[in-house]
Amino acid sequence: MIALLDERNAKFARNGSNGRDTRKNVSKKRTRFPGQMIVCGICGRKYVFGGHGQKDHLMCDGARSHVCWNGASVDGPLTAEKIMAAVFQAVEALPDFDDTFMAEVRQEIENIESRVPDERIRCQQQIEKLERELDNLVNFIREGNSSETVQREIPRIESELKDQRKCLKRLQKPAPVNLSIPSIEELKSLAIGCLKEHAIESWEFRTLIQKLIPKIAVYPHQLFDGGGFVLRARFRLRLGDLLESTIAQQALSEPLEQRLQVDLFNPPQREAFRRQIVDLRNRSGDERKLTEKEIAGQLGLTVAATQRAAALQRSMDNIGIEDPYQPLTEPPAEGKLKRHLHPRYRFEPLPTAGEY
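No experiment lies behind these values; they were computed from the predicted model shown.

Draft legend 1. The arrangement of the overall build of the protein chain in detail. In terms of helices and strands, the protein chain carries 12 helices and eight strands. Across the 356 residues in the protein chain, those meeting the buried criterion constitute 37%. Roughly 22100 Å² of accessible area belongs to the protein chain as shown, and the carbon and sulfur atoms make up 48% of that amount.

Draft legend 2. Looking closely at helix α7 (residues 203-212). Listing the buried residues of α7 in full gives Phe 205, Arg 206, Leu 208, Ile 209 and Leu 212. The buried residues of α7 occupy one face: seen down the axis, they fall within an arc of 165°. The inward-facing, buried residues of α7 contact α3 (76-92), α6 (184-197) and β6 (229-238).

Draft legend 3. Molecular detail of the state of the cysteines. Counting across every chain of the model gives zero disulfides. Looking at Cys 68, it has no disulfide partner, and the nearest cysteine sulfur is the one in Cys 43, 3.7 Å off. Taking the relative accessible area as the measure of exposure, Cys 68 reaches 0% and is therefore buried.

Draft legend 4. Main features of the pairing of strand β3 (residues 57-60). For strand β2 (residues 47-49) and β3, the ladder comprises three bridges, and the chain directions are antiparallel. Bridge pairing in β3 places Val 48 opposite Met 59. Pairing of β3 with strand β4 (residues 74-75), which is carried by two bridges, proceeds in the antiparallel orientation. Along β4, the bridge assignment pairs Leu 58 with Val 74.

Calculation criteria
- Residues numbered from 1 in each chain as written.
- Predicted model: local features only at pLDDT ≥ 70, side-chain atom pairs only at ≥ 80, totals over all residues.
- Heavy atoms only, no water.
- Helix = DSSP H or I, 4+ residues; strand = E, 2+ residues; numbered from the N terminus.
- Buried < 20%, exposed > 50% of the residue type's maximum accessible area, 1.4 Å probe, protein only.
- Areas by Shrake-Rupley, 256 points an atom, 1.4 Å probe, with all protein chains shown as cover.
- Arc of directions from axis to C-beta.
- Contact = heavy atoms within 4.5 Å.
- Disulfide = S-S within 2.5 Å.
- Pairing = 2+ DSSP bridges.

Function cannot be read off these values alone, since they describe shape.
This is the structure in structure tokens:
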């Protein structure tokens, strides 16, 4: 029986290299970008590789378990390409630091330095409190008692204790003397240099990018005149975390944080060329307006394609919208998203659903 099962399931195994599984003894958390970083904006659960039977696609783990209706998947390599393009564009567009901004940053650094002793004391007190609570729970168990609540509390306290010890270790580091703030050009060079240093498929790149982008939340959308379901990503880009000094990171964390939105898909032809076609139709300064055939010839499209793009723009103007993609906030009545119709479906969003 085991031999028959192995033979039947052999087609699902990784081919590996030279007969060896390249992922053997490798933690599932040690995955390539954007794995383990994308979360569903509907239910809050992680996106995992293997969406709809495609190894490079990711889908919501909650949808696989029938606790989320968002069954839309994303192409992993395309997602990485789109997000990195947006990151590089955001870095290049950073404005210069003016004198007023630099004065505010230096004042914030002085404020942070003055708060360090009090924070160190508070952190030490919190550690002592958590250690006492943990000792009490351990003694409770040693006396032969058992409780599900106690079993849940111990991991929580251990995790919080670990975080507080890290915080104390950071606060005990000596403050840098004559802390200098890098210029915007130095920061741009640092960010681009770090991101281009490693291959995008490498674990080193994945570790670096997660430092700058802790979480990527994706939300399902649909073109308002119909079509397939697509995903848009929202995330915070924290360039201040590239700085070595913890105090500089805290001072520049908010000013250098950017909230970005990125389409993780290639739009259909009518949307991809819509703005260009509208601009050519409304171009001023010409003795006469271009015909649809002439516009199609300039863009390398068919006349029917230009007509569909123009019709899409007219519909948008009639409704009064600028963005043709509309967010989905509930299971659609029609289309391929059918998870909510399964007998096992129970919508169970996490408390963090929608956050990024």
